[in-house]
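Given next are the chains, with one letter for each unit.
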Amino acid sequence: MVLPLAAADQTVTSMTSDAANEIEALRAQINHHNYRYHVLDAPEVSDVEYDQLVRRLSALEEAHPELITEDSPTQRVGGLVDGAFAPVVHRRRMFSLDNVVSMAELEAWQARLARAIGTEPDGYVCELKFDGLAVSLTYLDGRLAGAATRGDGVTGEDITANIRTIDAVPLRLYGDPPAVMEVRGEVYLPVSAFDELNARQAELGLRPYVNPRNTAAGSVRQKDPAKTAGRRLAIWVYQVGHLEGGPQLGSHAEALAWLGDLGLRTNPESKRLTDLATVEAYIADVAAHRHDRDYEIDGIVVKVDRFDQQERAGFTAKSPRWAVAYKLPPEEKTTMLLAIEVNVGRTGAVTPYARLDPVFVGGVSVSTATLHNEGELHRKDLRQGDTVVVRRAGDVIPEVVAPVLSLRPKRARVWRMPAQCPFCDNPIVTPEGEARARCTGGYACPSRLREHLFHFASRGAMDIEGLGYKTVDLLINEQLIADPADIFTMDVDRLLDFDGWGETSVGKLRAAIAAARDRPVARLLTALGITHVGGTMARTLADAFGSMEALMTATEEEIDAVEGVGPEIGAAIAAWTADPDNRMLVKRLGEAGVRLADERRESPAVSDELAGLTFVITGTLAGFTRDEATAAITGQGGKVTGSVSKKTAAVIAGESPGSKLAKAETLGVPVLDEAGLKRLLTEGPAMLGSR
């Protein structure tokens, strides 16, 4: 019997409705079982039963593709990533943590913390410091909308497609999620998964991976998400970074519990502790069982629990004052010191290093290790032929700790710094008052030039993809470049004459160089390798001056007056900007089309009441954050700096003001409390004479 058309449509609609209901029910079941397995570690069904649910859902979605949604459990693996990973600006900066390596340093941190907040913290939360890749996850109305690497803390890389492949990352949150939430976590490769991966590599006759951390980081940045999915990555979520909506959370422990209720995987070994004695006991217990887990750790993170006390503690330029990482002692091994050689870095510093008989330390094979400088080498009395103790300092940088004197060869000789640079034959000298010897060949030294150009093109600087050591070596050897400005004027097509270079690779390098021309001024300042100027200081200078021209013409006093700079850094920057060669380099970069000025983004002054006056803010203000107080003063034309001088109009002093208050009193500079600041903003500078 053939149904009438209307009846047929009605039947199809009914079937689709039934399928939609079953699909939604299956998704809810699968999400529930994912939560039980990955978050609670308490599965309710066998793997076979779970797989049957997923297969049934896949079959229904295949029959009804119009019902497939992005957050379905079947949609974790997407298509290939299109080219480079796009930049993502974090809603709030992802700060790094300061480190301590002893209980004494931890107690000193706690003492500084108590001074900053005016009392001892009301409890701490201790967490394991996972050895993986820091990421941020963004959820909009409970659905995973994006994921990014930490990057430089301000801008990361979009890794959403790859993060979606990790089963422990929920595509949809449980309960009543907020409208907007960014959380921070650590992606890692379980030790068991790492061992399985290397077993497969061995079966295929391929080179084994070195350690879980590097393998996890490489897996997250695969251009094919299917390859990421095959690595069995996992994640621990440890912090709320940004929140719009949701409950009023008063503490970090409360936030962790809430994140777990939403279906995010938080580490069960995170604990709230009442005082420093219980924190130290926690650290000792973790250290004693460091290798008992199916994941690698390199320390313990200690955080102030209450959010109001975190806010009072605040941040330094790089790190929160309310948290610190207690680094566990690195692993150590012994091996043979085959030779002591030297390298010339981008600043001309000549650094001795050890060539070692390869040894496996802390998860990697080590064949070279730093010796820091000649003085440190002699202090340790290291000699060629010694059996030496090697460790990975901070579990990252290989370091020679000491010789095993009982095994020293009888004819082992004391090492001396070469008189001439092995790369350019120019004299090596040790300037008076410095620990490091230096090559006097300038950028005529190919080793220094190589390191300088590599740093200039690195990801944290001008980010010129494709300009690694191998390419830099080729360009220097073929005399195509001799300084950073040459990168932007060289004939890139010349590379077509060399093996390994074709139209595609040359085109990519050309595009990367073109993109680098428009990097912000802060990135250029980082790239130039000025002493004491890393990423944070570069942003400080760019915000203060806005252009290379303004910085290059600023006096040492004007540079020193910038908040966060100080005399030593100011002197180094001023010396760099006064050097004729550096001035010529900046000029040539500008002529090559490199951006030398940023668009000024600060708001215009509301008034000019405080124009020409400089203020210093110190201590904690109850009614203003440091940024709010600064904005209030600059909004009326004033300037806020970090150092007190006779030219300072007034020092604004809150609680725990520190040494700046004492200096103001010594110099006779007016001191205002918070009430005085409010009067200043309403009455203007005339009130300074009426106090």
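Check the entry above for the structure.
First things first, this report covers the structure right here in the doc. Just so you know, these numbers come straight off a predicted model, no measurement behind them.

The rules behind the values
Residues numbered from 1 in each chain as written. Predicted model: local features only at pLDDT ≥ 70, side-chain atom pairs only at ≥ 80, totals over all residues. Heavy atoms only, no water. Axes fitted to C-alpha atoms, helices over the stretch in contact; angles between N-to-C directions. Helix = DSSP H or I, 4+ residues; strand = E, 2+ residues; numbered from the N terminus. Parallel < 35°, antiparallel > 145°, perpendicular 65-115°, else oblique. Contact = heavy atoms within 4.5 Å. Nonpolar A, V, L, I, M, F, W, Y, C, P; charged D, E, K, R; others polar. Buried < 20%, exposed > 50% of the residue type's maximum accessible area, 1.4 Å probe, protein only. Pairing = 2+ DSSP bridges. Phe/Tyr/Trp six-rings, centres within 6.5 Å; stacked < 30°, edge-to-face > 60°. Disulfide = S-S within 2.5 Å. Expected span 1.5 Å × (residues − 1). Arc of directions from axis to C-beta. Core = buried A, V, L, I, M, F, W, Y, C linked by side-chain atoms within 4.5 Å.

**Examining the packing of helix 20 (residues 567-578) against helix 21 (residues 580-591)**
Interaxial distance between helix 20 and helix 21 falls to 5 Å at its minimum, and their mutual angle equals 70°. Compared by their axis directions, helix 20 and helix 21 come out roughly perpendicular. Across the interface between the two elements, Trp-576, Thr-577 and Ala-578 of helix 20 pack against Pro-580, Asn-582, Arg-583 and Val-586 of helix 21. Of the residues that constitute the contact of helix 20 with helix 21, the class distribution is 4 nonpolar, 2 polar and 1 charged.

**Remarks on the pairing of strand 5 (residues 143-149)**
Burial analysis of strand 5 places 5 of its 7 residues in the buried class, the great majority of the element. Here 6 bridges tie strand 4 (residues 133-140) to strand 5, and the two strands are oriented antiparallel to one another. Opposite Leu-140, over in strand 5, you have Arg-143 as the bridge partner. In textbook terms, the turn of a hairpin is the stretch between consecutive antiparallel strands, and for strand 4 and strand 5 this stretch comprises 2 residues, one of which, Asp-141, has a positive phi near 50°.

**Focus: the environment of Ala-317**
Turning to its location among the elements, Ala-317 is positioned in the loop between helix 10 (307-313) and strand 11 (323-327). On the basis of relative accessible area, Ala-317 is assigned to the partly exposed category, the value being 47%. Distance from Ala-317 to Met-537, taken between C-alpha atoms, is 8.5 Å for residues 220 residues apart in sequence. Beyond its immediate sequence surroundings of up to four residues, Ala-317 is in contact with Arg-93, Phe-95 and Thr-536.

**Looking at the side chain of Glu-451**
Mapped onto the secondary structure, Glu-451 falls in helix 12 (residues 446-457). For Glu-451, a relative accessible area of 14% corresponds to the buried category. The residues touching Glu-451, leaving out its near neighbours within four places in the chain, are Asn-343, Val-344, Gly-345, Arg-346 and Tyr-469.

**Quick notes on the sheet that holds strand 19 (residues 614-618)**
Strand order across the open sheet formed by 4 strands is 20-19-21-22, with parallel pairing between neighbours. Of all the strands in the sheet, just strand 20 (639-641) and strand 22 (671-672) have a single pairing partner and so form its edges. Here 2 bridges tie strand 21 (residues 650-653) to strand 22, and the two strands are oriented parallel to one another. The partner of Ile-652 across the bridge, within strand 22, is Leu-672. Strand contacts of helix 23 (residues 659-667): strand 19, strand 21 and strand 22, with the helix running at about 140° to strand 19, the strand carrying the most contacts.

**Some words on the packing of aromatic side chains**
Describing an aromatic ring pair means giving the distance of the ring centres and the angle of the ring planes. Evaluated as defined, the whole model comprises 10 aromatic pairs. Relative to Trp-236, the ring of Phe-130 lies with its centre 6.0 Å away and its plane at 25°, an arrangement referred to as stacked. Of this pair, Phe-130 sits in strand 3 (residues 124-130) while Trp-236 sits in strand 8 (residues 234-244), and the two are 106 residues apart along the sequence. With respect to class, Phe-130 is no different from Trp-236; both count as buried.

**A few points about the state of the cysteines**
All chains considered together, the criterion is met by 0 disulfides. The structure places no disulfide on Cys-424, whose sulfur is separated from the nearest cysteine sulfur, that of Cys-439, by 3.5 Å. Cys-445 forms no disulfide, and the closest cysteine sulfur to it belongs to Cys-421, at a distance of 3.8 Å. Cys-445 gets classed as buried once you look at its relative accessible area, which sits at 0%.

**Let's talk about helix 21**
Residues three or four positions apart in an α-helix share a direction because the helix packs 3.6 residues into each turn. When the terminal C-alpha atoms of helix 21 are compared, their 16 Å separation across 12 residues agrees well with the 16 Å that a helix rising 1.5 Å per residue should span. When helix 21 is considered as a whole, its buried residues turn out to be Asn-582, Leu-585, Val-586 and Leu-589. Down the axis of helix 21, the smallest arc covering the buried residues is 95°, so these residues share one side. Along helix 21, exposed side chains directed more than 90 degrees from the buried face belong to Pro-580 and Glu-591.

**A look at the nonpolar core**
Grouped together as the largest cluster of nonpolar side chains are 56 residues, with contacts concentrated most on Ile-464, Phe-488 and Leu-541. Beyond its immediate stretch of four places on either side in the chain, Phe-488 contacts Phe-456, Met-462, Ile-464, Ile-513, Ala-516, Arg-517, Leu-589, Ala-592 and Val-594. Within the second largest apolar cluster, 33 residues are counted, among which are Leu-144, Ile-159, Ile-163 and Val-183.

**Here's the deal with the sheet that holds strand 9 (residues 271-273)**
Reading across from one edge, 2-11-10-3-9 is the order of the 5 strands in this open sheet, with mixed pairing throughout. Of all the strands in the sheet, the pair left with one neighbour each is strand 2 (99-100) and strand 9. Judged from the 2 bridges that link them, strand 2 and strand 11 form a sheet pairing that is parallel. Its bridge partner being in strand 11, Val-100 is matched across the sheet by Tyr-326. Lying on the sheet, helix 8 (residues 252-261) is in contact with strand 3, strand 9 and strand 10 (297-304); it crosses strand 3 at an angle near 55°. Strands strand 3, strand 9, strand 10 and strand 11 of the sheet are contacted by helix 9 (residues 276-288), whose axis makes an angle of about 20° with strand 3.

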